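# Topology and contacts: notes
Given next are the chains, with one letter for each unit.
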Amino acid sequence: MKIVSAKVIVTCPGRNLVTLKIMTDQGVHGLGDATLNGREKAVVAYLQDHVIPCLIGRDPHRIEDIWQYLYKGAYWRRGPVTMTAIGAVDTALWDIKGKAAGLPLYQLLGGKSREAVMVYCHANGADISEAVDSVAAHMAQGYRAIRAQAGVPGLDKVYGVPKGGAAYEPAEKGLPVETVWSSEKYLDHAPKLFETLREKFGFGLHLLHDVHHRLTPIEAARLGKALEPLRMFWIEDPTPAENQDAFRLIRQHTVTPLAVGEVFNSIWDCKGLIENQLIDYIRATVTHAGGITHLRKIAALAEIYQVRTGCHGATDLSPVCMGAALHFDIAVPNFGVQEHMPHTAETDAVFPHAYSYHDGFMHPGDAVGHGVEIDEALAAKYPYDPAYLPIARLEDGTLTSW
Ligand code: EZ4
Ligand code: CO
């Protein structure tokens, strides 16, 4: 089999999504997600100008060799743009291999390790009482694991909480929106949200929370400690992870489980946190961490330290990523949980897929490959519409982590 052509499809059915489609001489094609929120066109150019010309004529079955060729061959290693591009190629090649073999992707990854994939959803509210209602509504849909975020008194806009109770969408049209952040206000408020949720719903539900890189290590330790009696499933990204030693400090103070890694793009970002047992869940995912091939290596490293996976699954990862991630999740031995933010109906229509949600769990389906396709005619009706992630400043105007 040979790769004869490849193209990049950009569409905006509610938000910008980038898809790589690789075609072969046997009529089999594969799809990979190449979406890097707010920097979409950089990956498009990387693929079109530097990757696709190198793919033509290659045997798509040689997934590992092509991965190494794109990684080592670039000389300039790692980084979100490069690794997203490699991830898209890799995902498309696994899709092709599955289709050629007549098997769903999870069979190629060793088969099912479980019957279905536990997913967590997002509940949010402008205040605690709205967040409580949102958690109740998601419990009614069957979710066993729920991430809760609430507005903070005195702060106008808070990560994860849109205006008017709508589903949260992590990008806004036009130039970056500016938000104001105060760790002091947040730290006084966040434990109250989870105290209220436990009072209301008891301990039979997994509760998660995303701190979104906002705190210093000692502040994160304080939050972990305050949340300990509430027995969180995890707190996510308590502090930025460039300095991995920060997590040692947090660990010295709290047994609240930690999840890190949605912005990671290689095993080198994960290595210290995993080997030193500084985290409990690794959140790297297919699209941004070099595809199925590289994510498997991250998971294998994590497995020997009893660190479990918790793949990023926000709406800025396309249904192609979701499909591939669910095959990975159902096969990997050290699975923890999968994030699930449902896409808009428009997005689901552009990307017909075999995966499904039922009663708190998802299943990748039994279609061959990863089971996600793209309706190119429909995709063309939604042209690219520039959008950015917001930025955050402290109350005195200092730029901080969003
Ligand atoms: O802010 O994917 O856990 N989920 C998240 C996401 C991220 C977005 C960034 O593009 O933190 O909502
Ligand atoms: Co997050």
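Because the structure is a prediction, the values reported are computed rather than measured.

Before going further, it helps to examine the pairing of strand E17 (residues 391–394). With 4 bridges joining them, strand E7 (residues 178–181) and E17 adopt parallel strand pairing. Bridge pairing in E17 links tryptophan 181 to leucine 394. Of the strand pairs in this sheet, E17 and strand E18 (residues 399–400) are connected by 2 bridges, and their pairing is antiparallel. Paired with arginine 393 across the bridge in E18 is leucine 399. Counting the residues in the hairpin turn of E17 and E18 gives 4 residues, including glycine 397, whose phi is positive at 100°.

Moving on, we get to the packing of helix H6 (residues 183–201) against helix H7 (residues 217–227). Two numbers describe how H6 lies on H7: the axes approach to 9 Å, and their chain directions differ by 20°. The pairing of H6 with H7 is recorded here as roughly parallel in orientation. Where H6 crosses over H7, the handedness of that crossing is right-handed. Only Glu219, Arg222, Leu223, Ala226 and Leu227 of H7 make contact with H6, whose side of the interface consists of Ser183, Tyr186, Leu187, Asp188, Ala190, Pro191 and Phe194. Per-class residue counts for the contact of H6 with H7 are 8 nonpolar, 1 polar and 3 charged.

Applying the stated criterion across every chain, the model contains 22 salt bridges. The residue glutamate 169 makes a salt bridge to arginine 15 at a minimum N-O spacing of 2.6 Å. Of this pair, glutamate 169 sits in the loop between strand E5 (145–150) and strand E6 (172–173) while arginine 15 sits in the loop between strand E1 (3–11) and strand E2 (17–24), and the two are 154 residues apart along the sequence. Judged by its relative accessible area of 28%, glutamate 169 is partly exposed. Among the charged side chains, a salt-bridge network with shared partners connects Glu236, Glu262, Arg283 and Glu339.

Attention shifts here to the domain arrangement of the protein chain. If you check the domain split of the protein chain, you get domain 1 (3–106) and domain 2 (108–366). Relative to domain 2, the C-alpha centre of domain 1 lies at a distance of 26 Å. Tallying the contact residues gives 34 residues for domain 1 and 42 residues for domain 2. Three residues stand out in domain 1 for area buried against domain 2, namely Asp33, Leu105 and Tyr106, and they jointly supply 27% of the buried area on that side. Counting the contacts that link domain 1 with domain 2 gives 3 salt bridges. Between arginine 78 and aspartate 269 there is a salt bridge, with the nearest N and O atoms lying 3.8 Å from each other. On the surface where domain 1 and domain 2 come into contact, there are 23 residue pairs in polar contact (both at pLDDT 80 or more). Listing elements by their share of the side of domain 1 that touches domain 2, those giving two or more residues are E2, strand E3 (29–33), helix H2 (63–73), helix H3 (80–101) and helix H4 (105–108). Broken down by element, the residue count for the side of domain 1 that touches domain 2 peaks at 10 residues, all from H3.

Procedures and definitions
Residues numbered from 1 in each chain as written. Chains lettered and ligands numbered in written order. Predicted model: local features only at pLDDT ≥ 70, side-chain atom pairs only at ≥ 80, totals over all residues. Heavy atoms only, no water. Pairing = 2+ DSSP bridges. Helix = DSSP H or I, 4+ residues; strand = E, 2+ residues; numbered from the N terminus. Axes fitted to C-alpha atoms, helices over the stretch in contact; angles between N-to-C directions. Parallel < 35°, antiparallel > 145°, perpendicular 65-115°, else oblique. Left-handed = near helix turned anticlockwise from the far one by under 90°. Contact = heavy atoms within 4.5 Å. Nonpolar A, V, L, I, M, F, W, Y, C, P; charged D, E, K, R; others polar. Salt bridge = Lys/Arg side-chain N within 4 Å of Asp/Glu carboxyl O. Buried < 20%, exposed > 50% of the residue type's maximum accessible area, 1.4 Å probe, protein only. Domains from an automatic or database assignment. Buried area = accessible area lost by both parts, 1.4 Å probe. Polar contact = N/O pair within 3.5 Å; in protein donor to acceptor, adjacent residues only side chain to side chain.

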